[in-house]
Protein chains: 2
Amino acid sequence: MSKQTKARIIEAAEYLFALQGYGQTSMREITARADVNLASVNYHFGSKKNLIQAVLKRYFDVMMPQIDEALAKLVPSVGRKGVDQVLQNLKGPLLNLNAVQPDGTEMFVQLLGKGYTESQGHLRRFIMGSYGETVQTILAMLRTALPAIPADELFWRLHFAIGSFVFSMASSQALKDIAKADYQQDIDIADVIEHLFPFVAQGISGDGYQNEG
Amino acid sequence: MSKQTKARIIEAAEYLFALQGYGQTSMREITARADVNLASVNYHFGSKKNLIQAVLKRYFDVMMPQIDEALAKLVPSVGRKGVDQVLQNLKGPLLNLNAVQPDGTEMFVQLLGKGYTESQGHLRRFIMGSYGETVQTILAMLRTALPAIPADELFWRLHFAIGSFVFSMASSQALKDIAKADYQQDIDIADVIEHLFPFVAQGISGDGYQNEG
DNA sequence: GTCTATAGGTTGATAGAC
DNA sequence: GTCTATCAACCTATAGAC
């Protein structure tokens, strides 16, 4: 059955990509884990590149419309409160990815991080080409919340925020181990978000920016 | 001459590692760029793993003692000001890496970022094993600056801060491209730090934490 | 210390039988 | 749609001549 095979490949691939990265995961590993034939990846997806995009597309296609919908209704307040509102509206769509797949949210963020740092140009082009509009909407909302902060400064802060998130996920196994050993805490993705969003909101809202000469 | 060859290898390797990552850079690329024989890497460093560690060690061995020295004299104030003081004392040693090599700071942080996200366990183990004490000192300083914030909450924030930094560096090429295209800015590492530190300080110092149930 | 040559393994992709 | 077999290219590492 084609449908089953295709789905098995996607699931195996996303697990391994999230864990090891794209470049370090071979098609042989993927097909072995999916328990399908090696040649079936190229039959169903054409190439490894296409498979990588298909894995991410599955999540983006669920999340981005939800974000669009959530933000369409929003007129953010000015200041820290507005930033909180924007972030709050991202939280739902993000956590809903757990419906796509068990641990889907965590998987997605890790895939995103790996895609960013393994500077495979084709992935960034694919994302920005397909979903750039939603990204722009998020930025516009933050601009409404923080009208006094220049666009380029906001661009920086948004990227720092993404970095906090992605890094936490990318090293989440290490974080989990440390937290358990040193602080007797068992962590899941919702915990990370609960700690992360105040940190990020605080950092984004700061008014102490200055363009150094 | 052995010394020259070894140095040429290190320089070529760190450039390519920083640009492409460790896994995606082959010894053939390195030796071609260094204009030395392929076999010389294994002769001088034993293995690719050792070469990776040697590249990072060159920077850590310069920076970590400087951080130790800078922090030894410091008794941070309480509050946001204390956090700023701690970060300020990290800035110098970090920027001094430009003395190791032109663009040394940028190179180093990119190497660090790639090392963290390409979860090559041996690298994290090497770093924490060799320089973990300095990391602990930094944490202790932040605890002095923010005595009201529980240790586990500070642990979270420190990781988010590291995440902002490492991710920004690991994806700095992408950031540069975007900044140039969308905001007509040419960025260097000092710019990134100038934007990053206030963001991080703001996020770490926030007093709006709450342990959700 | 430097070189050539090569071993021994991996990779992504494909041709062609079924 | 699935399989086997294989290609051509790449990889790290090493043996051994100079």
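In what follows, the structure referred to is the one given above.
Everything numeric in this text was worked out from a predicted model, so none of it was measured.

(A) View of the relation of the copies chain B and chain A. Of the transformation superimposing chain B on chain A, the axial component is 0.2 Å and the angular component is 179 degrees, with the fit at an RMSD of 0.7 Å. On the angle and the small slide along the axis, the relation comes out as a two-fold axis. Comparing interface residues between copies, 96% of those in chain B also sit at the interface in chain A, which points to an isologous, same-surface contact.

(B) Broad picture of the pattern of salt bridges. On inspection of all chains with the given rule, the structure shows ten salt bridges over all chains. Residues Arg58 of chain A and Glu14 of chain A are paired through a salt bridge, measuring 2.8 Å at the closest nitrogen-oxygen approach. Of this pair, Arg58 of chain A sits in helix α4 (residues 48–72) while Glu14 of chain A sits in helix α1 (residues 2–20), placing them 44 residues apart in sequence. A residue is classified by how much of its surface remains accessible, and Glu14 of chain A, at 0% relative accessible area, is buried. In this structure, Glu194 of chain B and Lys91 of chain B form a salt bridge, with 3.3 Å as the shortest nitrogen-oxygen distance. Of this pair, Glu194 of chain B sits in helix α10 (residues 189–205) while Lys91 of chain B sits in helix α5 (residues 80–95), and the two are 103 residues apart along the sequence. Glu194 of chain B sits in the partly exposed class, given a relative accessible area of 28%. You can call Lys91 of chain B buried: its relative accessible area is 15%.

(C) Representation of the nonpolar core. Core analysis: the largest hydrophobic core is formed by 136 residues, its most contacted members being Phe108 of chain A together with Phe108 of chain B. For Phe108 of chain A, the residues in contact, after removing those within four places along its chain, are Leu56, Tyr59, Phe60, Met63, Leu94 and Leu97 of chain A.

(D) Representation of the protein's contact with DNA strand D in the model. Around DNA strand D there are 17 residues in total, and Thr5, Asn37 and His44 of chain A together with Ser26 and Arg28 of chain B lie nearest to it. A breakdown of the atoms of DNA strand D within 4 Å of the protein gives sugar and phosphate a share of 59%. At 3.2 Å from a phosphate oxygen of DNA strand D is found a side-chain nitrogen or oxygen belonging to Asn37 of chain A. Between Tyr43 of chain A and DNA strand D, the recorded distance is 3.0 Å, taken from a side-chain N or O atom to a phosphate oxygen. Breaking the surface near DNA strand D down by element, the ones donating at least two residues are α1 and α3 (39–45) of chain A together with α2 (27–34) and α3 (39–45) of chain B. Considering every element that reaches the surface near DNA strand D, the biggest residue donor is α3 of chain A, with three residues. The class makeup of the residues in the surface near DNA strand D is six nonpolar, eight polar and three charged.

Conventions we followed
- Residues numbered from 1 in each chain as written.
- Chains lettered and ligands numbered in written order.
- Predicted model: local features only at pLDDT ≥ 70, side-chain atom pairs only at ≥ 80, totals over all residues.
- Heavy atoms only, no water.
- Least-squares fit on C-alpha atoms with pLDDT ≥ 70 in both.
- Contact = heavy atoms within 4.5 Å.
- Salt bridge = Lys/Arg side-chain N within 4 Å of Asp/Glu carboxyl O.
- Helix = DSSP H or I, 4+ residues; strand = E, 2+ residues; numbered from the N terminus.
- Buried < 20%, exposed > 50% of the residue type's maximum accessible area, 1.4 Å probe, protein only.
- Core = buried A, V, L, I, M, F, W, Y, C linked by side-chain atoms within 4.5 Å.
- Near = heavy atom within 4 Å.
- Polar contact = N/O pair within 3.5 Å; in protein donor to acceptor, adjacent residues only side chain to side chain.
- Nonpolar A, V, L, I, M, F, W, Y, C, P; charged D, E, K, R; others polar.

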